[in-house]
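Breakdown of the fold
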Amino acid sequence: SQVASKVLEKVLHNGLKFRREGSAPAVRVEAEADDSCVVIRVADNGIGVAAAHRERVFLPFTRLNSVSAYPGSALGLATCRLLMESIGGEICFLDPPDGVGALVEVRVPLAQ
């Protein structure tokens, strides 16, 4: 769907934007379908999001880092969450498999 495409575009952009200093950004995308949705996971090797802040970053204007280090409006993930909810989908952070970077899961209903 167009909504899912916009959300994935933002998640991929964030995976490249929030890179770890001294490391080239690396982003990996995996997808699978079950009976009700397509599950897309985007993993990166960036600065990550601490477990305690993983829900906060979906609130409008919530920043975990300075605007000088990572410019932007602080609306991207809040908008992604609203867009996914508008189609009955979900977006969330999971524990990254190796403990480095971020792992975002996007669940897109098959009806889309």
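Structure shown above.
So, here is what we can say about the structure in this document. It should be emphasised that the depicted structure is a prediction, and the values quoted were computed from it without experimental measurement. (Residues numbered from 1 in each chain as written. Predicted model: local features only at pLDDT ≥ 70, side-chain atom pairs only at ≥ 80, totals over all residues. Heavy atoms only, no water.)

Time to look at the pattern of salt bridges. Summed over the entire model, instances satisfying the criterion amount to seven salt bridges. The salt bridge involving Arg81 is made with Glu55; its shortest N-O contact spans 2.8 Å. On the criterion of sequence distance, the pair formed by Arg81 in helix α2 (residues 76-86) and Glu55 in the loop between β2 (37-44) and α2 is long-range, its members being 26 residues apart. A relative accessible area of 49% places Glu55 in the partly exposed class. Of the charged contacts, one joins Arg107 and Glu105 as a salt bridge, the two residues approaching to 3.5 Å between their closest N and O atoms. (Salt bridge = Lys/Arg side-chain N within 4 Å of Asp/Glu carboxyl O. Helix = DSSP H or I, 4+ residues; strand = E, 2+ residues; numbered from the N terminus. Buried < 20%, exposed > 50% of the residue type's maximum accessible area, 1.4 Å probe, protein only.)

Another aspect to go through is the pairing of strand β4 (residues 103-109). Burial analysis of β4 places six of its seven residues in the buried class, which makes it a mostly covered element. Here β2 pairs with β4 via seven bridges, running antiparallel. The partner of Cys37 across the bridge, within β4, is Pro109. Pairing analysis gives five bridges linking strand β3 (residues 90-94) to β4, with the strands arranged antiparallel. Looking across to β4, one finds that Glu90 is bridged to Arg107. (Pairing = 2+ DSSP bridges.)

Take helix α1 (residues 2-17) next. Structurally, the α-helix is built with 3.6 residues per turn, so residues lying three or four positions apart point the same way. In a regular helix each residue adds 1.5 Å, so 16 residues correspond to 22 Å; α1 covers 22 Å between its end C-alpha atoms and thus fits that length. All of the buried residues in α1 are Ala4, Val7, Leu8, Val11, Asn14 and Gly15. Projection of α1 onto a plane perpendicular to its axis shows the buried side chains occupying an angular sector of 120 degrees, all on one side. α1 presents Gln2, Lys6 and Glu9 as exposed residues on the side facing more than 90 degrees away from its buried surface. Contacts from the buried residues of α1 go to β1 (27-33), β2, α2, β3 and β4. (Expected span 1.5 Å × (residues − 1). Arc of directions from axis to C-beta. Contact = heavy atoms within 4.5 Å.)

Strands belonging to one sheet form pairs held by backbone hydrogen bonds; the direction of such a pair is parallel or antiparallel. Taken together, the four strands give an open sheet; going across it, the order is β1-β2-β4-β3, and neighbouring strands pair in antiparallel fashion. A strand with exactly one partner marks an edge of an open sheet, and here the two such strands are β1 and β3. Direction aside, neighbouring strands of the sheet carry axes that sit 20 degrees apart on average. Bridging between β1 and β2 involves seven bridges; their strand directions are antiparallel. (Axes fitted to C-alpha atoms, helices over the stretch in contact; angles between N-to-C directions.)

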